[in-house]
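# Structural overview
Residues per chain, in single letters:
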Amino acid sequence: LRLGGASDYAIQAARQTQCDTCKEHPKGPPIPPARVPRAYQFGEWVQWNELTFKHRGVVIKGAVASDEAGEYGVLMPLRGLAERANPTGAMLKDTFVDSWLEHWAPPDVLVWDQAGEHSGAFADAISALNVSDGPIPKDAHFKMGKVERRIQSIKIMASEIIDDLG
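The structure contained in this document is the topic of the report that follows. (Residues numbered from 1 in each chain as written. Predicted model: local features only at pLDDT ≥ 70, side-chain atom pairs only at ≥ 80, totals over all residues. Heavy atoms only, no water.)

## Quick word on the overall build of the protein
Test applied: Helix numbers and strand numbers start at the N terminus; a helix is a DSSP run of H or I with at least 4 residues, a strand a run of E with at least 2. Only protein chains enter the accessibility calculation, which uses a 1.4 Å probe. A residue is then buried if its area is under 20% of the maximum for its type, exposed if over 50%, and partly exposed in between. Contacts are assigned to residue pairs that have any heavy atoms within 4.5 Å of one another.
Looking only at helices and strands, one finds 5 helices and 5 strands in the protein. Along the protein, helices and strands appear, N-terminal first, in the series α-α-β-β-β-α-β-α-β-α. Taken over 166 residues, the protein has a buried fraction of 36%. For the protein, contacts bridging at least 24 residues in sequence account for 57% of all contacts bridging at least 6.

The structure is reproduced here in structure tokens:
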């Protein structure tokens, strides 16, 4: 943010933006990097997570993809949700195909949480694409910081818009 010219206020606000799980997770001492970081290429490392948001009677359900190389992040509505209350692996697979694969090549690594809806058709599709997957434990939100911060930002913006529209 600082390199992009963001104000100190925006940088402090970004540092405080966390999901509820991350806020409750105990913080230990900082862990030094195991290796010198390098710049990622677009599509090399992508984080993927489901979003469910409710505010004043408005419900948003979708999926968020966030590319680690840059600032590309996208919120996609889940396909077929009108008939079902909760997303399925097939719906997440269709959403990923429509939102990512129709525009770009499969990512080298796709990081996603191990919640039940990501099993089955979604996991099979990722495997069939020869994508290295990086599933993380269901409650380890802190492992996907970039996409979790993006989701939190979407929730804050959506709340403000809903409040403004009454």
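## Concerning the pattern of salt bridges
For side chains bearing opposite charge, pairing can occur when the charged atoms are close. What counts, and what does not: By definition, a salt bridge exists where a carboxyl oxygen of Asp or Glu is found within 4 Å of a side-chain nitrogen of Lys or Arg.
Going through the model one piece at a time under the given rule, you end up with 2 salt bridges. Here R56 ties to D163 by a salt bridge, and the two come within 3.0 Å at their closest N and O atoms. Of this pair, R56 sits in the loop between strand 1 (45-55) and strand 2 (58-67) while D163 sits in helix 5 (residues 145-165), and the two are 107 residues apart along the sequence. Exposure remark for D163: the relative accessible area of 34% places this residue in the partly exposed category. Between D94 and K93 there is a salt bridge; the shortest N-O distance is 3.2 Å.

## Some details on the nonpolar core
What counts here: Here, the term nonpolar core denotes a set of buried Ala, Val, Leu, Ile, Met, Phe, Trp, Tyr and Cys residues that are joined through side-chain atoms within 4.5 Å.
Counting 15 residues, the largest nonpolar core has W48, F96, L110 and F122 as the members making the most contacts within it. Among the secondary structure elements, those contributing two or more residues to this core are strand 1, strand 2, helix 3 (89-101), strand 4 (109-113) and helix 4 (121-128). At 4 residues, helix 3 tops the list of elements feeding residues into this core.

## Brief notes about the packing of helix 3 against helix 4
To keep things clear, this is the line we draw: Whenever a helix is involved, its axis is fitted only over the stretch in contact; in every case the axis is a line through C-alpha atoms, and angles between N-to-C directions fall within 0 to 180 degrees. Roughly parallel here means an angle under 35 degrees, roughly antiparallel means over 145, roughly perpendicular means 65 to 115, and every remaining angle is called oblique. Charged residues are taken to be Asp, Glu, Lys and Arg, nonpolar residues to be Ala, Val, Leu, Ile, Met, Phe, Trp, Tyr, Cys and Pro, and polar residues to be all remaining types, Gly included.
Two numbers describe how helix 3 lies on helix 4: the axes approach to 6 Å, and their chain directions differ by 40°. As the angle between them shows, helix 3 and helix 4 are arranged oblique. When helix 3 is examined against helix 4, the residues G89, A90, L92, K93 and F96 are found in contact with a partner set consisting of A121, F122, A125 and I126. Along the lines of polarity and charge, the residues of the contact of helix 3 with helix 4 split into 7 nonpolar, 1 polar and 1 charged.

## Things to note about the packing of aromatic side chains
As a reminder of what qualifies: The pairing test for Phe, Tyr and Trp rings, Trp by its six-membered ring, is centres within 6.5 Å, and the orientation test on the planes gives stacked under 30 degrees, edge-to-face over 60, and tilted for anything in between.
The full count for this structure, using the stated rule, is 4 aromatic pairs. Pairing W48 with F96 gives two aromatic rings, centres 5.2 Å apart and planes at 85°, and the pair type is edge-to-face. Separated by 48 residues along the polypeptide, W48 in strand 1 and F96 in helix 3 bring together distant segments of the chain. Of the two residues, W48 and F96, neither departs from the other in class, the shared state being buried. What links up through ring pairs into an aromatic cluster is the set F42, W100 and W104.

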